[in-house]
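# Descriptive structure summary
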Amino acid sequence: EPEVTQTPSHQVTQMGQEVILRCVPISNHLYFYWYRQILGQKVEFLVSFYNNEISEKSEIFDDQFSVERPDGSNFTLKIRSTKLEDSAMYFCASIPTGENYGYTFGSGTRLTVV
Amino acid sequence: QQQVKQSPQSLIVQKGGIPIINCAYENTAFDYFPWYQQFPGKGPALLIAIRPDVSEKKEGRFTISFNKSAKQFSLHIMDSQPGDSATYFCAARRAGSYQLTFGKGTKLSVIP
């Protein structure tokens, strides 16, 4: 079964450093998402991306965050200057079309900011 | 208005029992209600989903019951097994949006 692949599985970074989280969505999917889950809490929407632009973003997704699909296969989330409160599990997800709402999530990247 | 309230926070049942997880919402613009299952260290996986024009949907041992007037929906797991032990999240999607609003999750433990 096709998978959404995320790398790395765990990233430790110092506060103030930039991090890039990488995702390879399922190849024929057109809509891409980032969600995060702080340990033991609910999954929260960050951003959706379609046709090479952001279609929706939450209040969490401030100027410190950006997304990019640099080469037609990878989908990245960049955090410019990490804060302690950015420590969370970050999940990438994708869906094939706007009519299919059944997200496929990746296994996540655990980001630890120290 | 964007919240989805989920209960209970945790649930322990014996093998063969029928755990029931409940969710409630306020926003009548929600038009799609999925349930996700998450095992430790993994991403959420879609289990079953329902739209508000249907009062019940069954897939295998998993059933969603939907009460539109009460703005509530629930997940029932028939003949639960230890392998069903996981965290379950309800979610909702607003019409015209692609983002999902998740509940806080229910940690289910099925003991042999």
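Just so you know, these numbers come straight off a predicted model, no measurement behind them. (Residues numbered from 1 in each chain as written. Chains lettered and ligands numbered in written order. Predicted model: local features only at pLDDT ≥ 70, side-chain atom pairs only at ≥ 80, totals over all residues. Heavy atoms only, no water.)

A few words now on the overall build of chain B. Each helix and strand in chain B was counted, giving zero helices and eleven strands. Along the chain direction, N to C, the helices and strands of chain B fall in the order β-β-β-β-β-β-β-β-β-β-β. Scaling as 2.2 N^0.38, a compact globule of 112 residues should have a C-alpha radius of gyration of about 13 Å, and chain B matches this with 13 Å. Each of the three principal axes of chain B carries a C-alpha extent, and together these read 45 × 30 × 20 Å. When each of the 112 residues of chain B is scored for burial, the buried share is 46%. Sequence separation of at least 24 residues holds for 54% of the intrachain contacts in chain B that already meet a minimum separation of 6. Accessible area for chain B stands at about 5400 Å²; split by element, carbon and sulfur atoms hold 50% of it. Across chain B, 13 positive and 7 negative side-chain charges occur, with their mean positions spaced 6 Å apart. (Helix = DSSP H or I, 4+ residues; strand = E, 2+ residues; numbered from the N terminus. Rg over C-alpha atoms; globule rule 2.2 N^0.38 Å. Buried < 20%, exposed > 50% of the residue type's maximum accessible area, 1.4 Å probe, protein only. Contact = heavy atoms within 4.5 Å. Areas by Shrake-Rupley, 256 points an atom, 1.4 Å probe, with all protein chains shown as cover. Lys, Arg positive; Asp, Glu negative; His and termini not counted. Charge placed at Lys NZ, Arg CZ, Asp CG, Glu CD.)

On to the sheet that holds strand 1 (residues 4–7) of chain B. Backbone hydrogen bonds are what pair the strands of a sheet, in a parallel or an antiparallel way. All names here are of chain B. With antiparallel pairing, the five strands of this open sheet are ordered in space as 1-3-8-7-6. Edge positions in the sheet fall to strand 1 and strand 6 (56–59), since each of these pairs with one other strand and no more. Neighbour-to-neighbour, the strand axes of this sheet turn through a mean angle of 15 degrees, independent of strand direction. One ladder, built from five bridges, connects strand 3 (residues 20–25) with strand 8 (residues 72–77); its direction is antiparallel. The residue of strand 8 that forms the bridge with Ile21 is Leu75. (Pairing = 2+ DSSP bridges. Axes fitted to C-alpha atoms, helices over the stretch in contact; angles between N-to-C directions.)

This brings us to the state of the cysteines. Simply put, the disulfide is a covalent bond whose two ends are the sulfur atoms of two cysteines. Residue and element names in this part refer to chain A. Summed over all chains, the structure comprises two disulfides over all chains. One disulfide in the model links Cys23 with Cys92; its S-S distance is 2.0 Å. Classification of the bridge connecting Cys23 and Cys92 rests on its S-S torsion, roughly -65 degrees, and on that basis the disulfide is left-handed. Of this pair, Cys23 sits in strand 3 (residues 19–24) while Cys92 sits in strand 9 (residues 88–95), placing them 69 residues apart in sequence. (Disulfide = S-S within 2.5 Å.)

Listed by partner, the interface residues are 19 residues for chain A and 19 residues for chain B. Carbon and sulfur atoms supply 56% of the area that chain A and chain B bury against each other, a total of about 1700 Å² over both sides. Taken together, the connections running from chain A to chain B amount to one salt bridge. Across the salt bridge formed by Glu56 of chain A and Arg94 of chain B, the nearest N and O atoms sit 3.9 Å from each other. Scanning the region where chain A abuts chain B turns up five residue pairs in polar contact (both at pLDDT 80 or more). (Buried area = accessible area lost by both parts, 1.4 Å probe. Salt bridge = Lys/Arg side-chain N within 4 Å of Asp/Glu carboxyl O. Polar contact = N/O pair within 3.5 Å; in protein donor to acceptor, adjacent residues only side chain to side chain.)

Attention shifts here to the nonpolar core. In terms of nonpolar packing, the biggest core is built from 24 residues, with Phe33, Trp35, Phe73, Leu75 and Tyr88 of chain B touching the most fellow members. Here this core takes four residues from strand 9 (residues 86–94) of chain B, the largest share from any one element. Here Phe73 of chain B is in contact with Val4, Ile21, Asn22, Cys23, Tyr25, Phe33, Trp35, Ser65, Phe66, Cys90 and Ala91 of chain B, once residues within four sequence places are set aside. Residues Val4, Trp34, Ile79 and Tyr90 of chain A belong to the second largest nonpolar core, which totals 22 residues. (Core = buried A, V, L, I, M, F, W, Y, C linked by side-chain atoms within 4.5 Å.)

Such coordinate-based values are descriptive only and should not be taken to indicate function.
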